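# Fold and geometry: a report
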Amino acid sequence: MKRRKFFKLLLSLLGSTAFISFFYPLLRFLAPPGSEANVGKVIVPKAEVPIGSARSIVFNNMPAVVINRKDKGFTAFSKVCTHLGCLVEYQAGKNIMLCPCHAGTFDLDGNVVSGPPPKPLQRLPLRVEGENIVIG
Ligand code: FES
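Computed from a predicted model, the values in this text were never measured in an experiment.

## With respect to the sheet that holds strand β10 (residues 132–135)
- The 3 strands are arranged β1-β10-β9 in an open sheet whose pairing can be described as antiparallel. In this open sheet, the two edge strands, each paired with only one partner strand, are β1 (42–45) and β9 (126–129). Mean inter-strand twist for the sheet, computed between neighbouring axes without regard to direction, equals 25 degrees.
- Where β1 meets β10, 4 bridges bridge the pair, whose relative direction is antiparallel. By the bridge assignment for β10, V42 is matched with I135.

Take a look at the structure:
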């Protein structure tokens, strides 16, 4: 009797795990984009992005980066590569954004410098309000 009860419990536990591991990703996939709290705009203190550096953010559930350049100030781009969607990384020393998947290279205006990406990175609307950078 104890053994039967144990196997029943084990089976229901495995069933629950299988159910959750199947339906949770399905629900996440079906949820409309922007249904989470991070919608509309993102505010980053200027002090968190010193000249010559970048800060990763999430804008409308999309990985993005805010860059502070000495000559042009703040700019923000989607980090999603326009080739196959890998995430580009800011390379401070080289003043480029590099995609690790197929070595797509973008300049700091988001334009394609080399590699397979067919178009520039998506530029995000940005304005400076006092001590904050407002993206969106
Ligand atoms: S996904 Fe970025 S270069 Fe291919």
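## Focus on the pairing of strand β4 (residues 73–78)
- For β4, the tally of buried residues reaches 5 of 6 residues, placing the bulk of the element in the interior.
- Looking at chain direction, strand β3 (residues 62–69) and β4 are connected through 6 bridges and run antiparallel. Pairing of V65 across the sheet is with F77, part of β4.
- Following β3, the chain reverses through 3 residues before pairing antiparallel with β4.

## Topic: the domain arrangement of the protein chain
- On domain assignment, one finds that the protein chain holds domain 1 (1–31) and domain 2 (42–135).
- A separation of 42 Å is found between the C-alpha centroids of domain 1 and domain 2.

## A short note on the state of the cysteines
- Counting across every chain of the model gives 1 disulfide.
- The disulfide bridge from C86 ends at C101, spanning 1.9 Å between sulfur atoms. Taking the sign of the torsion about the S-S bond as the criterion, the disulfide between C86 and C101, at about -95 degrees, is left-handed. Of this pair, C86 sits in the loop between β4 and β5 (89–91) while C101 is found in the loop between β6 (96–98) and β7 (105–106), placing the two residues 15 residues apart along the sequence.

## Comments concerning the environment of L98
- Position of L98 among the secondary structure elements: in strand β6.
- For L98, a relative accessible area of 27% gives the class partly exposed.
- Between the C-alpha atoms of L98 and L87, which are 11 residues apart in sequence, the distance is 8.6 Å.
- With residues near it in sequence (within four places) discarded, L98 still touches L87, V88, E89, Q91, A103, G104 and T105.

Analysis parameters
- Residues numbered from 1 in each chain as written.
- Predicted model: local features only at pLDDT ≥ 70, side-chain atom pairs only at ≥ 80, totals over all residues.
- Heavy atoms only, no water.
- Pairing = 2+ DSSP bridges.
- Helix = DSSP H or I, 4+ residues; strand = E, 2+ residues; numbered from the N terminus.
- Axes fitted to C-alpha atoms, helices over the stretch in contact; angles between N-to-C directions.
- Buried < 20%, exposed > 50% of the residue type's maximum accessible area, 1.4 Å probe, protein only.
- Domains from an automatic or database assignment.
- Disulfide = S-S within 2.5 Å.
- Contact = heavy atoms within 4.5 Å.

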